[in-house]
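Architecture at a glance
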Amino acid sequence: MTLCPPQGPTPTATPAGAGCCEEYAGLTRRGLLRAGGLAAATGALTATFGATTTQTAYAATRSAPRTLVLLSLRGAADGLSLVVPHADPVYYAARPRIAVPKASLLAVDAQFGLHPSLAPLLPMWQQGKVAAVHAVGLPAPNRSHFSAMEEVEDADPGSSARVGWLNRLIGRDGWEHPLRGMHLGDAVPPTTLVGPRPTFAATSVERVEVAAAGDDDGERGQRRLRGLRTTWGGAGGPLGQGARSALGAVADFRPARTSPEAPRGGAVYPDSDLGQALASAARTIRADVGAEVITVDHGSWDMHTDVGNLEWGDMKNKATDLAKSLAAFFTDLGALGDQVTVVTVSEFGRRVKENANWGLDHGHGTVMLALGGGVKGGYVGRWPGLQNTVDADVLVTTDYRSVLAELVTTRFGASSAQVFPGFTPETVGVFRA
Amino acid sequence: MATAPRATPFSRHLANRFGYGWTPALQRQVDRAGGPARWFEQQLTGVGVSDAFHDTSRGWWPSLTLSGPQIWARHQAGVQEYWRATSDYQRWVLARRIHSERQVLEAMTDFWENHLHVPAVGEAQAMYRASYGAAIRAHALGSFEDLLHAAITHPAMGCYLNNAVSTAKAPNEDLGRELLEVHTLGRGNHTEDDVKASARILTGWRVALWRDWTHGYDPASHWVGPVRVAGFEHPNADPDGRAVTRAYLRHLAHHPATARRIARRLALRFVSDDPSAALVEHLAQTYLQHGTEVKPVLRALVAHPEFRRSAGRKVRTPEEDVVATYRVLGVRLARPTDDESAANALLWQTGNIGLQPFAWPRPDGRPDVAEAWSSTARVLASFDVHVALAGGWWPREQVSHRPARSWLPARRVRFAGLVDHLSRSLLGRPASPTLQRACREVVGVGAREVVDASHGVVRWDMWRLLTTVLDSPAHMSR
C-alpha cells in the first residue's frame, strides 16, 4: 500500500491528487463493503514507524496467561431448546409444535440432550471440554430484559454504583491497562465492563488505529498524535478517559492488528457478527496483548414468535450461528484454547409452555454453557422438574453467580467476595484449576 | 472569506441541544429571529421556518413514499429488497438533520422515535418503518397522548413487538409489557397481572405479516372481558376494542409515573446525564398540568437554570457526531444515485462510530449517557470520520466539500488568528490555549507565522487543522 492520506507538500501528494488517492478511495470502497472505513484502508504496516507510534500513558502491557470470554446471549435465550430435558414429560406436553424430538438430540444422557444445531460443538463435548449448567439464573424472577441485564451484569445488588463484575475482576490487583478488559464486535461496552478500571472496545481488530497517524503516516502522524494528546490530556468525564485509553493502548494493540487475518487449523467462521467478533478475539488472544477478559454480545434471542422447529425458525438459526462460531474459535485457537474459557450468560430464560405464535414469552431459569480451559464437561446442575401451566418457568436451582464465582476463583485466583460482594457461592463443580 | 457571526453562549448551547450542531448559518437564523428565545419559539410553532428540505429530499429515495404492500411488491418483483427501505429511511433522517431548517422538530422526532423505539433494520417492520417515522413526526410537538396512540397502534410497532399476531385466544405479551415498562410507567410501577391485562387490551390490531401486509382492526382477534391495569378499569365488552385501546392509552399517558419517566428522558436527552430530581419533577408537573402537551414542557426545560448550566455536558452520539461534522464543515448533500453517494454513504459512517440511527437492538432505545458513547472504539472511529470529512476524502460522490482556502478568514492572517477563526466557525467559540497548542503541534507552525493562500498550511494541511478542531471534546460533546 502507498502512503495515504498524502503527506504533502509535494504536488502529487495533495489531498485532491490522483494516483495514490484513487487507490485510497478504492480501498475505502472495499472497506465500506465490509462496513469498515478509512482505518481499514490505512491498516498496512511499514517497518519504519513500528511500535514507536504512540507513547503509551500506561505501563507496558503484560501477558495474560488465561482469558475469560464472556458471551452474552441478549434477549433471554431459551435454555430448554438448547439443552433439552427429554426425560421430563412436561417438556413435550408443553411444547407440542416447537419441542425438539428426542430422536434428533445429540450427546443424550438419561436426562438431557443437545439441540442438533449444536452439532459443531460435539467434538469438544466428547473431549469433555463443554459443560451445560441447567436451571441457572437470577435468584428471583425478573421478566424485564433491562433490569435483569443490569442485575446480571452489575452483580452487586447491595450497591447503587454502576460497576460491572468484570471491572471488579480486572480491578483485583494493581495491574491497570485498558487492554486487560475489552469488548469486541461493537462500540458500546456492556455493563459488565463498566467501572473505574479503564477498558477497551474494538469493532474489529483492524480498526484499532488513529486515523492519519498510523504506521504509514510518518512524522506527520507523530505530530498528529502529539496534538491529540494535548487535546485530550486534561479532558474530563468518560469521553476523556476513553480518548486517553485509545491513545495510550493503540500501540500496545498493534501485534493483534498486524497479525495474520487468516484463521488457523482450517477454522471457518460464519459470516455473522458473532463469527467475526470471535475471529477478532482469537487474533487478540494469540497476539498476547494482555487481554484477560473479553466480552462479546450475541443478540436476537428474544423469541416471542418463530422459535420454530428443526426445519425453520429463529432457534435453529441462532443455535447454528452460536455453535459454528464457537467451534471455529476453538479450532482457530488450537492448543491456546486450553488457556481460554468461554461462558455464556443470558438475562433470563423463557416460559416452559409455547405460545400461539410458535414462540415463548419471558421466563426465569435458563442454561449456561462453559467451554474450553478448566471446564469439567457434561451436564451439570439440579433439575427442578417442569410444570405445564401458562406461567410456569424453569425454576432456578443454581444462582448464575455461583458458576461465575467458581470460574474466577479456580481459573483466575480471584476472591469471590471481591467480584460478587455479599454473595455466598455454592459449589457447582463445573470448573477446575 | 467571511468572519463567522458571533455566537452567544446561550444560542450556541440551544443550537447544540435542540438542533444538530451550532453553525454560523444557524446563528444568522437566530439573529434574524431576534435572539435564541424567539428562535426557539419560532421553531416550536414552525411559523416562518421552511420545511422545504423535508419535502424535496423525500423524493431522493423512492421507497419513502410507498405503502407496506408496495414495498413488499417491489421486493418480490426484484426491484428493491425490503430491508433496503429501512436504510433509505435512516439516510433520509440523517440528511434532514443536516440540512433541515426545522431543527427542533427533527430533534424531537428523533427523541420520540427513540423513546417509542422500532428498529429501522430488516425484519417485518421494514414495510412500515418510514410510515412510522412520519406518524411520530406528525405528533412530535403535539400531545404525548396522541403520539402514544399513533405509535402503539401503528403496524410497524405491531410487527416489531408482536402485537400484530396477538389473538384473543392467546394474547402475546411482548407489546403489552414494553408499553408499560419502556413507553409509559417505567420499571417497578406494574405487576405481571398488569402485563397480561395490557396485552389483552391491545389485541385486535393486526397485520397480515408476510402475506399481503394489509393491516387493520380485527374484532374477532380482540380479547373481551373486564380489565384492570395500574388504576385503569374497563368492562371491555365490545369486540371492537378500539375505544378501550384509546381509553387505556389515555390513562397511561396521563399517569404520574409516565410523566416522571418522560420528564426524566427529556432531561437526560437535553440537559445532562444526571438531572436533578427537582428538574424532573418540575417537567413532570408541567406535562401533567398541560394535558401531556409537549411544547409547554420544552419551554419549561429551556427556561430552567439547570439547562443553561449544562452546556457541553452531553457526549454526542455517533449519529450526532456525523451530522454535526457535516454541518460545521459545510458539506452539502445532493440527491444520491448509488451507494457511493454521500447521502447514502454517511449511514456507514454512523455505524462505524458505533450505531446507525434507530439501529439499537432492543425496545428501550439507544442509551443516552456518556458512558455508552465513550469507548476506545467510538473515539478512534470518530477520529477516522473527522479525517475523512475534513479532507473531503470520502464520501466524494453527489456532495460538495468546501475548498481549503475558503477557511482563510482574510487574505493574510497569523496562524493563531487562523486557528481562532476555525474554532469560531466550527465550535462557535474562540480557540482555547489548548486548541491553539494542539494545532501548532499538528502542523509545526508558530502562532505568529503569517499564512496566506500559498502557505503550506492552506495548500496541504488545512484538513489536519480542521480535524484537530473536530477531534476535540468541544466538538464531540454538545
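Computed from a predicted structure; not experimentally measured.

Glancing now at the overall build of chain A. The helix and strand inventory of chain A stands at 14 helices and 11 strands. Relative to its 433 residues, chain A shows a buried fraction of 63%. Here the contacts in chain A between residues at least 6 apart in sequence split such that 73% fall between residues at least 24 apart. Carbon and sulfur atoms provide 54% of the accessible area of chain A, an area that totals close to 14900 Å².

Attention now moves to the pattern of salt bridges. All names here are of chain A. Per the counting criterion, the structure on display carries 54 salt bridges over all chains. With a closest N to O distance of 2.7 Å, Asp-173 and Arg-180 form a salt bridge. Exposure remark for Asp-173: the relative accessible area of 29% places this residue in the partly exposed category. Judged by its relative accessible area of 1%, Arg-180 falls in the buried class.

Okay, helix α13 (residues 400–412) of chain A next. Residue and element names in this part refer to chain A. Spanning 13 residues, α13 covers 18 Å between terminal C-alpha atoms, matching the ideal 18 Å at 1.5 Å per step. By the criterion of burial, α13 is predominantly enclosed, with 11 of the 13 residues buried. Among all positions in α13, only Tyr-400, Arg-401, Ser-402, Val-403, Leu-404, Ala-405, Glu-406, Leu-407, Val-408, Arg-411 and Phe-412 are buried. By the N-cap criterion, in which a side-chain oxygen at the helix start approaches the backbone nitrogen of a residue two or three places on, α13 is capped by Asp-399, the distance to Arg-401 being 2.8 Å. Gly-413 occupies a position one or two residues after α13 and carries a positive phi of about 65°.

Moving on, we come to the pairing of strand β7 (residues 293–298) of chain A. Residues and elements named next belong to chain A. The buried fraction of β7 amounts to five of the six residues, a majority that puts the element mostly inside the structure. Here strand β1 (residues 67–73) pairs with β7 via six bridges, running parallel. Note on β7: the bridge partner recorded for Ser-72 is Asp-297. Note that strand β5 (residues 181–184) and β7 share three bridges and pair parallel. Among the inter-strand pairings, His-183 is bridged to a residue of β7, identified as Thr-295.

On to the environment of Ala33(B). Residue and element names in this part refer to chain B. Here Ala-33 shows up in helix α2 (residues 24–33). Once the C-alpha coordinates of Ala-33 and Gln-43 are considered, the two residues, 10 residues apart in sequence, prove to be 9.9 Å apart. When residues no more than four places from it in sequence are discounted, the contact partners of Ala-33 are Arg-38, Trp-39 and Gln-42.

What follows concerns the packing of aromatic side chains. Enumeration over the complete set of coordinates arrives at 29 aromatic pairs over all chains. Ring plane angle 75° and centroid distance 5.3 Å describe the contact between Phe329(A) and Phe330(A), whose orientation is recorded as edge-to-face. Between Tyr82(B) and Trp83(B), the ring centres sit 5.2 Å apart and the planes meet at 80°, which makes this aromatic pair edge-to-face. An aromatic cluster is present here, built from Phe10(B), Phe18(B), Phe40(B), Phe111(B), Trp112(B), Phe144(B), Phe270(B), Tyr287(B) and Phe307(B) joined pairwise through their rings. Cation over ring: Arg96(B) sits above Trp92(B), and NZ or CZ is 4.3 Å from the ring centre. Between Arg129(B) and the ring centre of Phe358(B), over which it is positioned, the NZ or CZ distance is 4.8 Å.

Before going further, it helps to spend a moment on the pairing of β5(A). Looking along a regular strand, one sees the side chains alternate between the two faces of the sheet. Residue and element names in this part refer to chain A. Residue alternation in β5 divides its side chains into two sets, Gly-181 and His-183 and Met-182 and Leu-184, and both sets are buried. In this sheet, strand β6 (residues 200–202) lies alongside β5 in parallel orientation, the contact comprising three bridges. Residue pairing for β6: His-183 is matched across the bridge by Ala-201.

All right, on to the side chain of Asp471(B) then. Mapped onto the elements of the fold, Asp471(B) is located in the loop between α24 (462–470) and α25 (473–476). Looking at Asp471(B), its side chain comes within polar contact range of the side chain of His386(B), at 2.7 Å. Contacts of Asp471(B), omitting those with residues within four sequence positions, involve Arg224(A), Leu228(A), Thr231(A), Trp232(A), Ser382(B), Phe383(B), His386(B) and Met476(B).

Interfaces are often sized by the accessible area lost when the parts come together. Residue and element names in this part refer to chain B. Each assigned domain of chain B is listed here: domain 1 (10–256), domain 2 (257–310) and domain 3 (404–476). Residue-level contacts link 33 residues of domain 1 with 25 residues of domain 2. When domain 1 packs against domain 2, the two sides together hide about 2700 Å² of surface, and 62% of this comes from carbon and sulfur. Between the two partners, domain 1 and domain 2, sit one salt bridge. In this structure, the salt-bridge partner of Glu-41 is Arg-299, at a minimum N-O distance of 2.7 Å.

Counting residues at the interface gives 70 residues for chain A, matched by 61 residues for chain B. Overall, the association of chain A and chain B removes approximately 5600 Å² of surface from exposure, summing both partners, and the carbon and sulfur fraction of that is 62%. Applying the counting criterion to the chain A and chain B interface returns eight salt bridges. Measuring nitrogen to oxygen at the nearest pair gives 2.8 Å for the salt bridge that ties Glu173(B) to Arg351(A). In this structure, the connection of chain A to chain B is made through 21 residue pairs in polar contact (both at pLDDT 80 or more).

Parameters and conventions
- Residues numbered from 1 in each chain as written.
- Chains lettered and ligands numbered in written order.
- Predicted model: local features only at pLDDT ≥ 70, side-chain atom pairs only at ≥ 80, totals over all residues.
- Heavy atoms only, no water.
- Helix = DSSP H or I, 4+ residues; strand = E, 2+ residues; numbered from the N terminus.
- Buried < 20%, exposed > 50% of the residue type's maximum accessible area, 1.4 Å probe, protein only.
- Contact = heavy atoms within 4.5 Å.
- Areas by Shrake-Rupley, 256 points an atom, 1.4 Å probe, with all protein chains shown as cover.
- Salt bridge = Lys/Arg side-chain N within 4 Å of Asp/Glu carboxyl O.
- Expected span 1.5 Å × (residues − 1).
- Polar contact = N/O pair within 3.5 Å; in protein donor to acceptor, adjacent residues only side chain to side chain.
- Pairing = 2+ DSSP bridges.
- Phe/Tyr/Trp six-rings, centres within 6.5 Å; stacked < 30°, edge-to-face > 60°.
- Lys NZ or Arg CZ within 6 Å of the ring centre and 35° of its normal.
- Domains from an automatic or database assignment.
- Buried area = accessible area lost by both parts, 1.4 Å probe.

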